[in-house]
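Descriptive analysis of the structure
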Amino acid sequence: MTRPLCVMLVAAEASGDDRGAALAKALRARLGEKVRFVGVGGERMAAEGVKSPFDISELSILGLLEGLMAYPKVKARVADTVALAAREKPDVAILIDSWGFTLRVAVGLRKLDPKLPLIKYVAPQVWATRPGRAKTLATSVDHLLSIHVFDAPYFEAEGLPVTFVGNSALNIDFSQADGGRLRAQLGISPEAPVLLVLPGSRPGEISRVLPPFAEAAAILKHERPDLEVVIPAAPTVAASVREAAASWAHVVEGETAKLDAMKAATVALACSGTVTTELALAGVPMVIGYRLGAMTHAILKRLIRTPYITLFNIAAKAFVAPELVQDDCNGPALAREIGKRLDDPDLRKAQAAAQSEALLKMGRGGPDPSETAADAVLKLLGERAKTSGPDDRAGQAPAGTDRAHRR
């Protein structure tokens, strides 16, 4: 007797939640009622049927010291995740980004069921720092779905099969985004300059990055009384952002509002992360700011092997967008760089064009990563089914795969 394919998806941050939801949607499009989902995720994955046993916002940890302090909580959540797998008996587990958490989950799942296929979605950035993680990952999972074209050699050298699927941030559809709609909803005139502020999706980022971002916004608003500030808040930190910024910015929530805000923006001030790629895709010139804990920064400064922290800057091998990191991430310095762009349309146009060119080097224009990832997952399961013995996990696969689901 066959049963639906049970796919476990594990994501611990907002960007992973987005990828997990898109992958679930792509798998359901292929398998229909012959697939069900379990795992850990946020609001978007929940909408696709992944009921998380806990709130992932408590796992959005930034920095080495914070990581050590949160270790007991992380360990408990790893145990909760493995316990979920023990109850639901998934046919495959896909672990999305969030290196520290998902690695521990992989170890736990391997102990629970050595035959369970483990797939890592998004590689640790070993080309930038800590190359030893390639070997660690190769001993922990069965396959890697990478989002960067330059990932594969590092992991294949350690014996880990890699499928390049592309970066989902490069395939965001802005065709329905409407900057005018957002301006109308917020009462912002069509002529007013809009500064888009994106302070991150982790509590640690909000506590460190939002204060200098707020100071920069105050300086700019004092110099330019018509300037409007809009913050699209990530679901994981929306409450704290709204509380901290309600007096000086329009705070909006939801994917539609975020994309509308990007189309409405004149310039953006962004925390380093996936959102910088999204902004570049929307054609928004930006200034990037980032802060870590002093201890974390001191250690990482010795380990990082690239001068850039932004993916399109890495692809371009140039500071296409300025990066103000650590002590340089302060109100006056940020305001100065943003002000240059607010006051110079030609500079904005040139930077947006350079950002767009860098996106081409990152793989812009390729197939939808979620579709490619879904195909890769089903192909892997099909191949494993063909080599499985009669007493292994495989039996007869549902239509659309070579994978079987019989115990």
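Above this text you will find the structure in question.
Our subject in this report is the structure included herewith. (Residues numbered from 1 in each chain as written. Predicted model: local features only at pLDDT ≥ 70, side-chain atom pairs only at ≥ 80, totals over all residues. Heavy atoms only, no water.)

1. What to know about the overall build of the protein
In plain terms, the rule: Secondary structure is summarised from DSSP: a helix means a run of H or I of at least four residues, a strand means a run of E of at least two, and numbering begins at the N terminus for each. Each residue gets one of three labels from its accessible area relative to the maximum for its type: buried under 20%, exposed over 50%, partly exposed in between, using a 1.4 Å probe on protein chains only. Note on contacts: a residue pair qualifies if any of its non-hydrogen atoms lie within 4.5 Å across the two residues. Method for areas: the Shrake-Rupley scheme with a 1.4 Å probe, in which residue coverage is limited to the protein chains shown.
When helices and strands are tallied, the protein shows 17 helices and twelve strands. Burial statistics for the protein: of 407 residues in total, 55% are counted as buried. Here the analysis covers contacts within the protein between residues at least 6 apart in sequence; of these, 67% occur between residues at least 24 apart. Carbon and sulfur atoms make up 53% of the accessible area of the protein, which totals about 17,500 Å².

2. A closer look at the sheet that holds strand β6 (residues 162–164)
The strands making up a sheet associate through backbone hydrogen bonding, with each pair oriented either parallel or antiparallel. Put simply, the rule reads: Pairing between strands requires that DSSP locate at least two bridges from one strand to the other. Throughout, an axis means a line fitted to C-alpha atoms (over the contacting stretch in the case of helices), and angles, computed between N-to-C directions, take values from 0 to 180 degrees.
Strand order in the open sheet formed by six strands is β2-β1-β3-β4-β5-β6, with parallel pairing between adjacent strands. Because the sheet does not close on itself, it has two edges, and the strands there are β2 (35–40) and β6. For this sheet, the mean angle separating the axes of adjacent strands, direction not counted, is 20 degrees. Examined bridge by bridge, strand β4 (residues 118–121) and strand β5 (residues 143–146) share three bridges and lie parallel to one another. Paired with lysine 120 across the bridge in β5 is leucine 144.

3. Quick notes on the pairing of β4
Let me state the cut-off plainly: Looking down the strands as they point away from the viewer, one classifies a crossover as right-handed if the path from the first strand across the helix to the second runs clockwise.
Residues Leu118 and Lys120 line one face of β4 and the alternating positions Ile119 and Tyr121 line the opposite face, and both faces are buried. The pairing of strand β3 (residues 92–96) with β4 spans four bridges and is classified as parallel. If you follow isoleucine 94 over to β4, its bridge partner there is isoleucine 119. Between the parallel pair β3 and β4, the chain is carried across by helix α5 (residues 99–112), and the sense of this crossover is right-handed. The handedness of the β4 to β5 crossover, carried by helix α6 (residues 133–138), is right-handed.

4. Some words on the pattern of salt bridges
As a reminder, the rule being used: We count a salt bridge whenever a side-chain nitrogen from Lys or Arg sits within 4 Å of a carboxyl oxygen from Asp or Glu.
As enumerated under the stated definition, the model contains 18 salt bridges in all. Here glutamate 88 makes a salt bridge to arginine 36, at a shortest N to O gap of 3.0 Å. Highlighted residues: glutamate 88 in helix α4 (residues 71–88) and arginine 36 in strand β2, separated in sequence by 52 residues. The shortest N-O distance in the salt bridge between arginine 242 and glutamate 253 comes to 3.0 Å. Remark: glutamate 253 occurs in strand β9 (residues 250–253) and arginine 242 occurs in helix α10 (residues 238–245); sequence separation between them is eleven residues. With a relative accessible area of 43%, glutamate 253 lands in the partly exposed category. Several salt bridges converge on common partners, so that one network encompasses Glu13, Arg202 and Glu205.

5. Digging into the packing of aromatic side chains
Note on aromatic pairs: each is described by the distance of the centres and the angle between the planes. Note the following rule: Classification of ring pairs rests on two measures: the distance between centres of Phe, Tyr or Trp rings, Trp counted by its six-membered ring, which must be within 6.5 Å, and the angle between planes, read as stacked under 30 degrees, edge-to-face over 60 and tilted in between.
Evaluated as defined, the whole model comprises one aromatic pair. Judged by centre distance (4.7 Å) and plane angle (65 degrees), the ring pair of tyrosine 308 and phenylalanine 319 falls under edge-to-face. Of the two residues, tyrosine 308 is situated in the loop between α13 (294–303) and α14 (311–316) and phenylalanine 319 in the loop between α14 and β12 (323–325); the sequence distance between them amounts to eleven residues.

6. Digging into the sheet that holds β9
Within the open sheet, the six strands sit side by side as β9-β8-β7-β10-β11-β12. Their pairing is parallel. Two strands in the sheet have a free side with no partner beyond their single neighbour: β9 and β12. On average, each strand axis in the sheet is tilted by 20 degrees relative to the strand beside it, whichever way the strands run. The strands touched by helix α9 (residues 203–223) within the sheet are β7 (194–198), β8 (228–233), β10 (267–271) and β11 (286–290), with β10 carrying the most contacts at an inclination of about 160 degrees.

7. Focus: helix α17 (residues 369–387)
Threshold: For a helix, the expected span equals 1.5 Å multiplied by the number of residues minus one. As used in this structure description, the phrase polar contact means that two N or O atoms lie within 3.5 Å; if the pair is within protein, one of them must be able to donate a hydrogen and the other to accept it, and residues adjacent in sequence are counted only when both atoms belong to side chains.
Between its first and last C-alpha, α17 extends 27 Å over 19 residues, near the 27 Å set by a 1.5 Å rise per residue. Taken together, the buried positions of α17 are Pro369, Ser370, Thr372, Ala373, Ala374, Ala376, Val377, Leu378, Leu380, Leu381, Gly382 and Ala385. Summarising the contacts, the buried residues of α17 are in contact with β1 (5–11), α1 (14–31), β3, β4, β5 and β6. Two or three places before serine 370, at the start of α17, stands the capping residue aspartate 368, its side-chain oxygen 2.8 Å from that residue's backbone nitrogen.

8. Overview of the pairing of β7
When you tally the buried positions in β7, you get five out of five residues, the bulk of the element. A two-sided burial pattern is seen for β7, the buried positions comprising Val194, Leu196 and Leu198 on one face and Leu195 and Val197 on the other. Pairing of β7 with β8 involves three bridges; the strand directions are parallel. Paired with leucine 195 across the strands is valine 229, a residue of β8. Read from β7 through α9 to β8, the crossover connection turns out right-handed. The pairing of β7 with β10 spans four bridges and is classified as parallel.

9. Regarding the layout of surface pockets
Here is the rule we go by: The pocket and cavity definitions rest on a 1 Å grid over protein atoms only: a 1.4 Å probe that fits but cannot leave marks a cavity, an open set with protein on both sides within 12 Å along at least five of seven lines marks a pocket, and residues lining either have an atom within 4 Å of a point. Grid points are joined across faces, edges and corners, and a volume is the space filled by probe spheres set on the points. Gly is put with the polar residues, along with every residue not named as nonpolar or charged; the nonpolar set is Ala, Val, Leu, Ile, Met, Phe, Trp, Tyr, Cys and Pro, and the charged set is Asp, Glu, Lys and Arg.
Here the second largest pocket is characterised by a volume of approximately 640 Å³. Taken together, 23 residues form the lining of the second largest pocket, with Asp18, Ala22, Arg44, Asn171 and Ile172 sitting closest to its centre. Tallying contributions element by element places α1 first for the lining of the second largest pocket, with seven residues. Partitioned by chemical class, the residues of the lining of the second largest pocket number seven nonpolar, five polar and eleven charged.

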